[in-house]
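# Descriptive analysis of the structure
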Amino acid sequence: MTIDRKPTRYAHSDGHTDVCYSDDGTRLITCGTDGDIRIWSGFNDDDPIQTCVGEWSLCVRQKGSRLHIATDNNSVQLMTFPEGERDGILVRFTAPVNHMAIGKNHEYIAVVAEDMEVNVIKLSEPRDSSNILTFSGLTGPPLSVALCPKAKLLAVSCGDEFLRVWNVESTSIVKEIECVPKTNSFMNAKLLCRVDFEPVLGRGLAYPNKNTVIIVNTIDWSSKSVLTCPEIESSFSIVQFSPCGQFMAAASDQGELVVWEIATQIVIDITKHSRSIALCAMMWNPLGNGEIAFCDVQGQLGIALNCTNIPASIETPSDNGEADNVDFSEFQFDDADEDDENVVSLEKLKADIMGKEETGSVSDKESSRSPTPRPRTPETPMQDAFMPTSTPKHLSSRYLCWNEIGIVRSYGCNDDLDDNKSIEVEFHDSTFHNTMMLRNFQDYTMSSLSTGALVVANSSQIKAIPLAAGTKEWSLSLPEEEEIICIASSNCLVCFATSNYLIHICSVFGTQKAVVSIPGPLVSMSAHGYFLLVAYHDGAPRKGDQCIKSMLVKLEGMSVENKNINSALRPETQLQWIGFTDLGTPAMFDSFGLLYLYPSTSNIWLPFCDTTKHRKNPSDGFFVTAVYESFQSVRGIRCKGSMYPSFTPRPNLSELPIEPLFIEMATEKSQLEANLFTWSTLRVENVEKKFKETALKTFALACRNDLDQRALELVEMIANPQLVTLATKYAMKLNRQRLAEKLTELASSLQESEWDNTNTDQSSIVLTPTIENVRPINKKFILNSGNKKTPKFKTRNDQVSTSETKPTSTSTVENSIEAGTSDQDISVNTPINTQESVFSEPSSTPKNPFLKKLKKPNSAVRNPLNLTDPNSGCTLEEVNIEKENKSSFNNGTNLEKNSEKRKRPDSTDKQEVNKQRKLDKFMFSKRS
Amino acid sequence: MNPDEVEFLAEKQLISIIPTFNSNVIHLISGDVGPFRASLPVRVPLWMAINLKQQRKCKIQPPDWMNIEQLEELKEEEKRSKTFVKMPSEHYMIEAKLLLNYATDDISRADEIRTIIKDIWDIRMSKIRSSVDTLVRNAGFYATVDHLTLMEINTMRPLLPHALDQVYRMKKAQSTRLPTQSTTLSLLNSSHRGSSLSS
């Protein structure tokens, strides 16, 4: 017998739709994303009773004279049936209700909500909390719920991969089955994993498992039968027993509908969806006439007839309550539904005549897809542009910006009255600036706050209010065809990105400095000092991953330099925040709660803080506001049950430690290793002593566990003479003669290399010797690459080198905030050079506290009045800069001479330095 | 001990504030406070919180128990129970008084909280009075009272021991008067002297 699947008809707008039959099987009740409830008296009813219950609703169930509807305001709304009038609220939750199950023979309703609550509520008595049973143990969003016909067992399938079965009376879990595909929310679930109990005796529980349906015995949990269908490869989403318990219907995420006879495990028939759209609701007609109603995710309602291979008259379940009027053939009703007989023929007629029209209208609907609460689009859309640390635009009161400087709040964003719109700027440090209030007549929707300026913008206008005393605000209006999509500001820059992939850069006081182009649609951007970090789409998403890349643009003075730094995002995550640490290290944060930092010396993104380890609840989010590299902490707001902080009451900031994602972080060893890694890659304040301690502890740990090789290797890695001596002592104490010997060897070799260093580089400036050597090559590389910068560099170098007699002017420019800039200055160029930078930089990094120590006898302590120090009287940076400039200047002049003589710049370099030293000595002697 | 001293003790309680300034650790005799980082919550003694609040350098985060629901519940319990209910804080009255005086803008529904706390205080005070009354009337020798806060004890302090003392003296006088008239006087005198010395 073949299933007669009728063409679907429009029921609700695009999105998750639910359908159920009334108890008597005569009416269909649907709900959907348009927030309406429709009561159809038969499939072909063109004028259903309809009532609005809210913005959207996810589930509807009917029992007796009541409708139970899961609405968007996190409650189960009651309505009278069939009139459809509001009749109070059954229960409230803190998150939307995902699914409900109601029994025919008992007075219980089971409700699951997105906040991982499972309630079983007794319906008959007056409603109070004593009638509500709560079940706990879920660790993910529940997808579906089922109650056994005697209300003894409760099954909930949950996005944490488990199907759990509770005993209702004892509220204890009796069985866990791993079968549900993992998902983070009901809205994102591809498969609903709707389960069902065998309706007559409740002896079986059916659940979908990929493309099979498994029925287990509810007494000993042994597998009763596995129903398969070789023709179907897509996964099943919904399973349901027929009212008589002899048949099983399953709906797949490709819209297929399969019916089995359970006893023989034979497939009765398969019907396919005309457009392979996933089904999101399915229900057998309780009359047992082999009729199935279903809905797909585009809001279409469908019906399939003749789903059982025996005439319904032979076997009618006695639990139906309608047993008296079931002794008819499949499509013959006389009393319950007077026009049912005609329905079939009418439908056929319609299908014949109006089939084309209907498909046309369907395609129309497809083209006008709207965002629905249940996006089940197969491909991941590209992430929209967003402002870091802003809350969604549809909120009436929202945060425009919340960073380390302060908070920008916007009130009445969606109000029609202009009077109510205002922007409030609150500074964390009230000694820096007082709170500001602005009237928001222009409808500004974006804001960026920095120590330099407050910048606000709407799509066509940007306005900057510099925070320095006695300065005037300024604004720029864009031509009509351009649209501002994102802004950023720092203490030196005001940047705004437009819809045609351009970024305009102005100074804080309103000089337009530059326009740059970005290689793809912008995602977000952030500024710090003279640096601008831009994230953009590099291509369409691949398998759910966002192809986001980022670039770091340096806009010091009138020059523009760029460095592509890619990005780091885990699979299927989106970018949630982008910015800089307090020391200017680029940072980004993905939507699954992982922070990445980009230390300029490493030239790679390092994952640093998994905020999910610090949350209490899987649905909690962390809203990053600032990253403090010097304190080794991330500041942000723990948001309970959401990704964004609430507006009122005012949320509190909290701090999370930055620690790398080492494995087995519970052990002492991993802790120590993680600390060593963090402290050697990041510039954390005052950790030299702690670093040494930790290193020694790690060494001791390895020694105690008889891992001599590991201990030795550790000391070699860190290569600090002081540590070597301490380690040797420790090894001696433990009577590890061999280890101690090796360590002494290491100590001597270290000393030698130190000697070598001091000998080869006679000048005592060895803090960053390799960079000095690499630097000219870099410059040459840039110059040779033949871009337009060449003349600019030359002129700049000329200028600087002429002014080298008064080098203090260059060094004083670096104020405290851009302490990191001098490093980055170097790093922006170095990656272009391939090998040299990779090998030379780690050894020359000033971040490793030990290397400073290593060179301490020579360079670290610099007393300007020290008579023995040949370099006293001038600071290290000055010399560095001079040297750098000279060498690059040399390069500029030696441009035509080829780069094969790499030693050459070095030798000239040394000469220059020597000269400089003599000059210094001279000056010094004169002064003294 | 007078109420000021009790208040002084209460001001050592720690409370969480959100500073709006940056500062390093402040070293105090009783311990270090800080470091203060703008907008990050930090725990400081109450006196410092009030002082900073007066300088408008911080926002005070009211203690967890200082919300309408919890206090209402407490009040109901206090009403129902014959004995004293344990208060969420040893110095609830002083904390509430200080915070509600100086940091009204940081506490939501401050007026209602003020009323409820005053109610709780009144209920407890009337309990104390009635229990003292029964103690004296029934001539009980001792009474156990749990969960009284320092301030509440302090209100009874000037009166109750003195009154009991007097009662004791009278009783003693009464009992010693019975045997003989002659000894009574001397005993009374001696007891009087003794008690006056002791008091």
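Residues numbered from 1 in each chain as written. Chains lettered and ligands numbered in written order. Predicted model: local features only at pLDDT ≥ 70, side-chain atom pairs only at ≥ 80, totals over all residues. Heavy atoms only, no water.

The name recorded for chain B in an unreviewed UniProt entry is DNA replication complex GINS protein PSF2, from Ignelater luminosus. Per UniProt, chain B has the following entry under Subunit (unreviewed entry): "Component of the GINS complex." What UniProt states about chain B under its Subcellular location (unreviewed entry) heading is, verbatim, "Nucleus". (UniProt positions renumbered as here; feature names shortened; annotations may be inferred.)

The name an unreviewed UniProt entry assigns to chain A is WD repeat and HMG-box DNA-binding protein 1, from the organism Ignelater luminosus. Listed under Subcellular location (unreviewed entry) in UniProt, the entry text for chain A is "Nucleus".

## Re the packing of aromatic side chains
Per the stated rule, a full pass over the model turns up 13 aromatic pairs over all chains. With a centroid separation of 5.6 Å and an interplanar angle of 25°, the aromatic rings of Tyr628 of chain A and Phe631 of chain A are classed as stacked. Using a relative accessible area of 13% as the deciding quantity, one classes Tyr628 of chain A as buried. Here a set of aromatic residues connected by ring pairs shows up, and it is made of Tyr399, Trp402, Tyr411 and Phe647 of chain A. The ring centre of Phe84 of chain B lies 5.7 Å from the NZ or CZ of Lys127 of chain B, which sits over that ring. (Phe/Tyr/Trp six-rings, centres within 6.5 Å; stacked < 30°, edge-to-face > 60°. Buried < 20%, exposed > 50% of the residue type's maximum accessible area, 1.4 Å probe, protein only. Lys NZ or Arg CZ within 6 Å of the ring centre and 35° of its normal.)

## Observations regarding the pattern of salt bridges
All names here are of chain A. This structure, assessed with the given rule, holds 35 salt bridges over all chains. Across the salt bridge formed by Arg38 and Asp36, the nearest N and O atoms sit 3.2 Å from each other. As far as the burial class goes, Arg38 and Asp36 line up, both buried. With a closest N to O distance of 3.7 Å, Arg409 and Glu424 form a salt bridge. (Salt bridge = Lys/Arg side-chain N within 4 Å of Asp/Glu carboxyl O.)

## Details of the interface of chain A and chain B
Each partner contributes residues to the interface: chain A has 12 residues there, and chain B has 13 residues. Carbon and sulfur atoms make up 47% of the surface buried where chain A meets chain B, a total of about 1000 Å² over both sides. The interface formed by chain A and chain B contains two salt bridges. Among the ionic pairs, Glu655 of chain A bridges to Arg37 of chain B, the shortest N-O distance being 2.9 Å. Linking chain A with chain B are five residue pairs in polar contact (both at pLDDT 80 or more). When residues of the side of chain A that touches chain B are assigned to their parent elements, the largest contribution, three residues, is made by strand 52 (residues 653-657) of chain A. When the residues that make up the side of chain A that touches chain B are grouped by side-chain class, the tally is two nonpolar, five polar and five charged. (Contact = heavy atoms within 4.5 Å. Buried area = accessible area lost by both parts, 1.4 Å probe. Polar contact = N/O pair within 3.5 Å; in protein donor to acceptor, adjacent residues only side chain to side chain. Helix = DSSP H or I, 4+ residues; strand = E, 2+ residues; numbered from the N terminus. Nonpolar A, V, L, I, M, F, W, Y, C, P; charged D, E, K, R; others polar.)

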